[in-house]
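The chain contents come next:
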Amino acid sequence: MRAFDDEVSYTKIIDPAPQADEMALPAPGEQPQLVWRPRLGDQQAYPLTGRITKVGRHETNDVVLAGPTVSARHATVRVEAVGVVVEDEGSLNGTFVNGERVEQRLLEEGDRIQIGPHLLLFVPAAGK
């Protein structure tokens, strides 16, 4: 699973308060998921099927995102008893949740995770 490699990108912190129709969430599924929307009308879902999901630029990650502001091992998403947690792995440009730079954060439905120029939406499992 790779983001588009041929596009040059720079980190721009995305406004933490999007329009309601701009970021409508997909329906929850059996597992929590991250949803990446590279272009208007396109989306890629990354189900969080394991306990740990690695995110970054290196091809060994579970979710591969291209761009000079994405670290090789940028962040980890963990499924824990209390919920789903995102943790920055010491990246140079940081991991942002709803526009706020975080080291670690328990995710809630609709949270917007920004890694470099990429925006991922958190969708919890149905009934969670």
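Everything here concerns the structure above.
Residues numbered from 1 in each chain as written. Predicted model: local features only at pLDDT ≥ 70, side-chain atom pairs only at ≥ 80, totals over all residues. Heavy atoms only, no water.

Colleague: Now, about the environment of Gln44: what can you tell me, with residues and values included?
Modeller: Here Gln44 shows up in strand S2 (residues 44-47). Residue class for Gln44 comes out partly exposed when judged on its relative accessible area of 34%. Residues Gln44 and Leu34, spaced ten residues apart in sequence, show a C-alpha to C-alpha distance of 8.4 Å. Those residues in contact with Gln44 that lie beyond four places of it in its chain are Leu34, Val35 and Trp36. (Helix = DSSP H or I, 4+ residues; strand = E, 2+ residues; numbered from the N terminus. Buried < 20%, exposed > 50% of the residue type's maximum accessible area, 1.4 Å probe, protein only. Contact = heavy atoms within 4.5 Å.)

Colleague: Quick one: what's the story with the side chain of His74, residue by residue and with numbers?
Modeller: With respect to the helices and strands, the residue His74 is situated in the loop between strand S4 (63-64) and strand S5 (75-80). For His74, a relative accessible area of 0% puts it in the buried group. From its side chain, His74 meets the backbone nitrogen of Ser71 in a polar contact 2.9 Å long. With near-sequence residues (within four places) excluded, His74 lies in contact with Val55, Gly56, Thr69, Glu87, Asp88, Glu89, Ser91, Gly94, Thr95 and Ile115. (Polar contact = N/O pair within 3.5 Å; in protein donor to acceptor, adjacent residues only side chain to side chain.)

Colleague: Account for the nonpolar core, naming residues and giving values.
Modeller: Core analysis: the biggest nonpolar cluster contains 19 residues, and Leu34, Leu65, Val77, Leu107, Ile113, Ile115 and Leu120 have the highest contact counts within it. Those elements that place two or more of their residues in this core are strand S1 (33-36), S5, strand S6 (83-88), strand S10 (112-115) and strand S11 (118-123). Those residues in contact with Leu34 that lie beyond four places of it in its chain are Gln44, Ala45, Tyr46, Leu48, Val77, Ile113, Leu120, Leu121 and Phe122. (Core = buried A, V, L, I, M, F, W, Y, C linked by side-chain atoms within 4.5 Å.)

Colleague: For the sheet that holds strand S3 (residues 52-56), give the residues involved together with the corresponding values.
Modeller: Strand order in the open sheet made by the five strands is S4-S3-S5-S6-S9, with mixed pairing throughout. If you trace the sheet from one side to the other, it starts and ends with S4 and strand S9 (104-106), each paired once. Inspection of the sheet shows S3 paired to S4 by two bridges, in the parallel sense. Within the sheet, the bridge partner assigned to Val55 lies in S4 and is Val63. (Pairing = 2+ DSSP bridges.)

Colleague: Describe the environment of Ala126, with residues and values.
Modeller: Tracing the sequence through the fold places Ala126 in the segment after S11. For the pair formed by Ala126 and Pro32, sequence separation is 94 residues and the distance between their alpha carbons is 7.9 Å.

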